[in-house]
Structures are given as structure tokens and as C-alpha cells.
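Architecture at a glance
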Amino acid sequence: MHVFQDLDINDTEFNPFKMIGQDWAALVSEAGDKTNATTVRWGGFGVLWDKNVATVYVRNTRYTKELLDAGEYFSLTFFNPDQPKYKSALKYMKMASGRVEDKIKAAGLTLAHRDGIPYIDDGSTIVICRTLASFDMPADHVRTPYIREQFFADGTERTMYVGEIKGLFAR
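So, a few notes on the structure that sits alongside this text. (Residues numbered from 1 in each chain as written. Predicted model: local features only at pLDDT ≥ 70, side-chain atom pairs only at ≥ 80, totals over all residues. Heavy atoms only, no water.)

Structural notes on the pattern of salt bridges
Applied cut-off: The term salt bridge refers to a side-chain nitrogen of Lys or Arg lying within 4 Å of a carboxyl oxygen of Asp or Glu. To sort residues, take the accessible area from a 1.4 Å probe on protein chains only and compare it with the maximum for the residue type: under 20% means buried, over 50% means exposed, and anything in between is partly exposed. A helix here means a DSSP run of H or I that spans at least four residues, while a strand means a run of E at least two residues long, and both kinds are numbered starting from the N terminus.
Scanning the model with the defined rule gives eight salt bridges in all. A salt bridge links Lys18 to Asp23; the nearest nitrogen and oxygen atoms lie 2.9 Å apart. Classification of Asp23 by relative accessible area gives buried; the value is 19%. Glu66 is paired through a salt bridge with Arg99; the nearest N and O atoms lie 2.5 Å apart. Within this pair, whereas Glu66 is found in helix α2 (residues 63-70), its partner Arg99 is found in the loop between α3 (84-95) and α4 (103-106), the two being separated by 33 residues in sequence. Classification of Glu66 by relative accessible area gives partly exposed; the value is 43%. Salt bridges sharing common partners tie together Lys51, Arg130, Glu164 and Lys166.

If you want it as C-alpha cells, here you go:
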């Protein structure tokens, strides 16, 4: 298990456009004795309801969504982009189903917990969030035809989750 150091969010600088949009992240959620992860390529950081928040968007068909809906917390694990093995692991987790296998283990990653909240120990930066809200994103609410055609053509809709950032730590 790696040693992580707590970070003060007010003293932290990072580029969410690169971290989420280019490097991607693993979203880990847990409900009861079930844990799963999926790859996140859409999301953001900001302030909502006077709280520091992270937003993530999850396909409604994902097993991780079931666990997000049933649980209270989730984590985002960001990896060192200079190590391509992590991008391969994220590609695997994007394609595999957590309903039929332990995707985290199959991707060659290690699950860990901090204060009972799951995250991937192989990461370089971890964000712990408490779910504040979730919002359905039906395709007919997307105003731009190009986006509907490119991202909703398969009929799969998404849910937006807003999580209050409760912890931030890094190696």
C-alpha cells in the first residue's frame, strides 16, 4: 500500500481539463460488500451550494451507477500520465463489466480504503467525494444536435453526480 499525503484543496493547483479529458480517472463506488470502478472522461471541479464539488457523468447502464445510487461516497483516482500502463488499465475498465468480474483486479490495480471509502492505491492523486445530488441527463435535454448524435445515438443516457470534495490526497 502506498503512502499518501493529505492536500489542502485551497493550496492545490491542477488542470481538470487535462486530468479528466485527456488523462482520465477511475471512479470507484461501493455499496455494502460490492465495489466497482469505471473510467471517467467527463467531469469537472467547481463550487456549488457553497461547497467544493466534483461532477461526474455515468452511463445509466453501468454497474458503477447502481453502486453510486446505493452508496454515499465515491472516489476519483488520477494516475501518473507518464506511465502508459495506467491508461491501458483505464481502457480495460471502460470496456469490461464489473457485474461479471472484479475489474479493478483484472486491470492490474489494487483497491484500498481510507475511512471506509474505496479508491485505487496505484493512483497519484485521489479525490474523495460525498454524493450530494444526481441528475438524469436524457438525450432530449441536450440542445446541440451534434452532441445528441455523437454521444447519445446508442440510446444510452447518463446521470450527473455532484459530490462534495471531502478529501484530497496524493503520493
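Notes on the packing of aromatic side chains
Our working rule: The rule is short: rings of Phe, Tyr and Trp, with Trp giving its six-membered ring, pair when the centres are within 6.5 Å, and they are stacked under 30 degrees, edge-to-face over 60, tilted in between.
Applying the stated rule across the entire model yields seven aromatic pairs. Taken together, a centroid distance of 5.2 Å and an interplanar angle of 80° make the contact between Phe14 and Phe45 edge-to-face. Separated by 31 residues along the polypeptide, Phe14 in the loop between β1 (5-6) and α1 (16-22) and Phe45 in strand β4 (residues 43-48) bring together distant segments of the chain. The partly exposed category is assigned to Phe14, whose relative accessible area is 33%. On the accessibility criterion, Phe45 (24% relative accessible area) is partly exposed. With 5.3 Å between their ring centres and 85° between their planes, Tyr119 and Phe169 make a pair best called edge-to-face. Residue Tyr119 is found in strand β8 (residues 117-120), and its partner Phe169 is found in strand β10 (residues 158-170); the two are separated by 50 residues along the sequence. Residue classification places Phe169 among the buried residues on the basis of a relative accessible area of 0%.

Let's talk about the pairing of strand β5 (residues 51-59)
As a reminder of what qualifies: For two strands to be treated as a pair, DSSP must find at least two bridges joining them.
As defined by bridge partners, β4 adjoins β5 across six bridges and the pair is classed as antiparallel. By the bridge assignment, Leu48 is partnered in β5 with Lys51. The antiparallel pairing of β4 with β5 creates a hairpin that spans two residues between the two strands, and Trp49 there sits at a positive phi of about 55°. With seven bridges connecting them, β5 and β10 associate as antiparallel partners. Directly across from Ala54, in β10, lies its bridge partner Gly163.

Focus on the pairing of strand β7 (residues 111-114)
Bridge count for β7 against β8 is four bridges, and the pairing is antiparallel. For His113, the partnering residue across the bridge sits in β8 and is Pro118. Linking β7 back to β8 in an antiparallel pair, the connection comprises two residues, with Asp115 at a positive phi of about 55°.

Examining unusual backbone geometry
One non-glycine residue, Trp49, lies in the positive phi region at around 55°. Note on placement: Trp49 falls in the loop between β4 and β5. Its relative accessible area of 49% is what places Trp49 among the partly exposed residues. A positive phi angle, close to 55°, is found at Asp115, a residue other than glycine. By the element assignment, Asp115 lies in the loop between β7 and β8. Accessibility expressed as a relative area gives 76% for Asp115, which makes it exposed.

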